[in-house]
Amino acid sequence: MNIPYTVEERPDTGLANGKLGIWLFLASEVMLFGALFSSYILLRVGAPEWPHRQLNIPLGTVNTLILITSSVTMVMAWASLKMGNWGRHRLFLTLTFVLAGIFLVNKYFEYAEHFGKGEGPWHSTFFAIYFTLTGLHALHIVAGMIVMAYFLGPGAGLWKRNPDQFTNRIEYTGLYWHFVDLVWIFLFPVLYLL
Amino acid sequence: MHSDPAAVKKSVRSYMIVFGALLAFTVITVAVNELELAVPIAITVALIIAAMKGSMVAGVFMHLSHEKQWIYGALLLTVVFFIVLIFVPLFTVSDTTGVAIAAVGGGPMPGR
């Protein structure tokens, strides 16, 4: 049985089903992170004092640059498929995967440093919301890496059977990945700098 | 969104321009932070730069600058609910901010 509208656009929406689906999913993700940002604002404006410069700014800056670069490699992985260049697609998708891994390794060192100083989520309201927000974001990075690993491994075979559908899937993966980057773009100044 | 290879090839240039702008804005954000501005100004500047960076990622990398109406509609609804989510809880404590929460032990947790 064929699943309809995986490549061709639905007449009523003008979109392939997967495209509308991923955007609706991202809308729900906006609300998820929005709820946590709202909690952060409430906690911050309600606190008599708020700790400043508690986090490793150079490491946070490096991680920001890494995620931005990974967004570019991700969009290039999709663009390479559109231009019919399978080799470049594999290169850019692998680079994105590796950059995501480096981000997580940096995050591990950052977490280890805080736990080493006894600054776990129990330490203060600031660290509670810091670990909640960055922990949830890190889980999203892991989820993205699992999807990328699938398309680098067993999922890659679809390119031969149905290149248009494979290209669409990489586009949806990219939309998710850019969203993860977008969340970090706001998390970095809010948690590290302000 | 671009569908033909020639248009995609052209858009690669815009991806690189946005990449450069995002790197530059990240450096500017950190540099401005070193100036130790007053907190309200620092928050405003940092969030304006973050919003600009976010718009570039959404507009160019996520192709939102040329998407279909259904996606704009879904996102418009999301924006409305997001604003409600951010601001309505604040209104509920606007008359007691800093007083009620401090009275029940806000800020650093006691005994830690």
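Residues numbered from 1 in each chain as written. Chains lettered and ligands numbered in written order. Predicted model: local features only at pLDDT ≥ 70, side-chain atom pairs only at ≥ 80, totals over all residues.

Asker: Just checking my understanding: could you explain the overall build of chain B for this structure?
Answerer: Scanning chain B for helices and strands turns up 4 helices and 0 strands. The order of α-helices and β-strands along chain B, N terminus first, is α-α-α-α. Expressed as a percentage of the 112 residues in chain B, the buried residues total 13%. (Helix = DSSP H or I, 4+ residues; strand = E, 2+ residues; numbered from the N terminus. Buried ≥ 20, exposed ≤ 12 C-beta atoms within 10 Å, placed from the backbone.)

Asker: Would you explain the overall build of chain A in this entry?
Answerer: In terms of helices and strands, chain A carries 6 helices and 0 strands. Its C-alpha atoms give chain A principal-axis dimensions of roughly 60 × 35 × 25 Å. Taking all 194 residues of chain A together, 36% fall into the buried category. By sequence separation, contacts in chain A at least 24 residues apart represent 75% of the contacts at least 6 residues apart. (Contact = placed C-beta atoms within 7 Å.)

Asker: Even after reading the chapter, I still don't get the interface of chain A and chain B, so can you show me in this structure?
Answerer: As a measure of interface size, the accessible area lost when the parts come together is often cited. Tallying the contact residues gives 46 residues for chain A and 44 residues for chain B. Element by element, the count of residues in the side of chain A that touches chain B is highest for helix α1 (residues 17-46) of chain A, at 14 residues.

Asker: Can you help me understand the nonpolar core in this one?
Answerer: Nonpolar side chains tend to gather and get buried jointly when the protein is soluble and globular. Counting 54 residues, the largest nonpolar core has V75, A77 and W184 of chain A as its most contacted members. When residues of this core are traced back to their parent elements, those giving at least two are α1, α2 (57-82), α3 (86-116), α4 (125-152) and α6 (163-193) of chain A together with α1 (5-34) and α2 (39-61) of chain B. Looking at this core, the element that brings in the most residues is α6 of chain A, giving 15 residues. (Core = buried A, V, L, I, M, F, W, Y, C linked by C-beta atoms within 7 Å.)

Asker: Would you explain the confidence of the model for chain B in this entry?
Answerer: Residue and element names in this part refer to chain B. Considering every residue of chain B, the mean pLDDT works out to 82; 79% of them sit at 70 or more. At the low end of the mean pLDDT range in chain B sits helix α4 (residues 100-103), at 52; at the high end sits α1, at 92. Among the scores for the predicted complex, ipTM is 0.91 and pTM is 0.90. (pLDDT = per-residue confidence, 0-100.)

Asker: Help me understand the environment of V30 of chain A in this model?
Answerer: Topologically, V30 of chain A is positioned in helix α1. For V30 of chain A, a count of 19 C-beta atoms within 10 Å corresponds to the partly exposed category. When neighbours within four sequence positions are excluded, V30 of chain A is seen to be in contact with T78 and F82 of chain B.

Asker: Any chance you could explain α3 of chain A here in plain terms?
Answerer: Since there are 3.6 residues in each turn of an α-helix, residues three or four apart along the chain are aligned in direction. Residues and elements named next belong to chain A. With 31 residues, α3 should reach 45 Å at 1.5 Å per residue; the first-to-last C-alpha distance of 45 Å fits that figure. The elements touched by buried residues of α3 are α2, α4 and α6. Residue G118 follows α3 closely and has a positive phi angle near 75 degrees. (Expected span 1.5 Å × (residues − 1).)

Asker: Help me out: how do you make sense of the environment of G54 of chain B in this one?
Answerer: The residue G54 of chain B is located in helix α2 in this model. Separated by 17 residues in the primary sequence, G54 of chain B and L37 of chain B have C-alpha atoms spaced 23 Å apart. If near-sequence neighbours (up to four positions away) are discounted, G54 of chain B is found in contact with L182, I185 and F186 of chain A.

Asker: What am I meant to see in α2 of chain B here?
Answerer: Taking 1.5 Å as the rise per residue, α2 of chain B with 23 residues should run 33 Å; its terminal C-alpha atoms sit 32 Å apart, in good agreement. Every buried residue of α2 of chain B is listed here: A46, A50, K53, M56, V57, V60 and F61 of chain B. Tucked inside the fold, the buried residues of α2 of chain B contact α2 and α6 of chain A together with α1 of chain B. Just past α2 of chain B, the residue H63 of chain B takes up positive phi, approximately 60 degrees.

Asker: What am I meant to see in the packing of α1 of chain A against α4 of chain A here?
Answerer: What describes two packed helices is the angle between their axes and the distance between those same axes. Residue and element names in this part refer to chain A. Running from amino to carboxyl end, α1 crosses α4 at an angle of 165 degrees, the nearest separation of the two axes being 11 Å. Here α1 lies roughly antiparallel to α4, going by the angle between them. In this structure, α1 crosses over α4, and the sense of that crossing is left-handed. Contacts between α1 and α4 pair L36, S39, Y40 and L43 from the former with T125, I129, T132, L133 and L136 from the latter. Considering only residue class, the contact of α1 with α4 consists of 6 nonpolar, 3 polar and no charged. (Axes fitted to C-alpha atoms, helices over the stretch in contact; angles between N-to-C directions. Parallel < 35°, antiparallel > 145°, perpendicular 65-115°, else oblique. Left-handed = near helix turned anticlockwise from the far one by under 90°. Nonpolar A, V, L, I, M, F, W, Y, C, P; charged D, E, K, R; others polar.)

Asker: For this particular structure, what's the right way to read unusual backbone geometry?
Answerer: Negative phi values dominate among residues other than glycine, just as trans dominates among peptide bonds. Although it is not a glycine, Y5 of chain A adopts a positive phi angle of roughly 60 degrees. Here Y5 of chain A lies in the segment before α1. Located in the positive-phi region is H63 of chain B, a residue other than glycine, with phi close to 60 degrees. By secondary structure assignment, the location of H63 of chain B is in the loop between α2 and α3 (69-93).

Asker: Got a minute to help me understand the environment of M52 of chain B in this structure?
Answerer: On the secondary structure map, M52 of chain B appears in helix α2. A tally of 14 C-beta atoms within 10 Å means that M52 of chain B is categorised as partly exposed.

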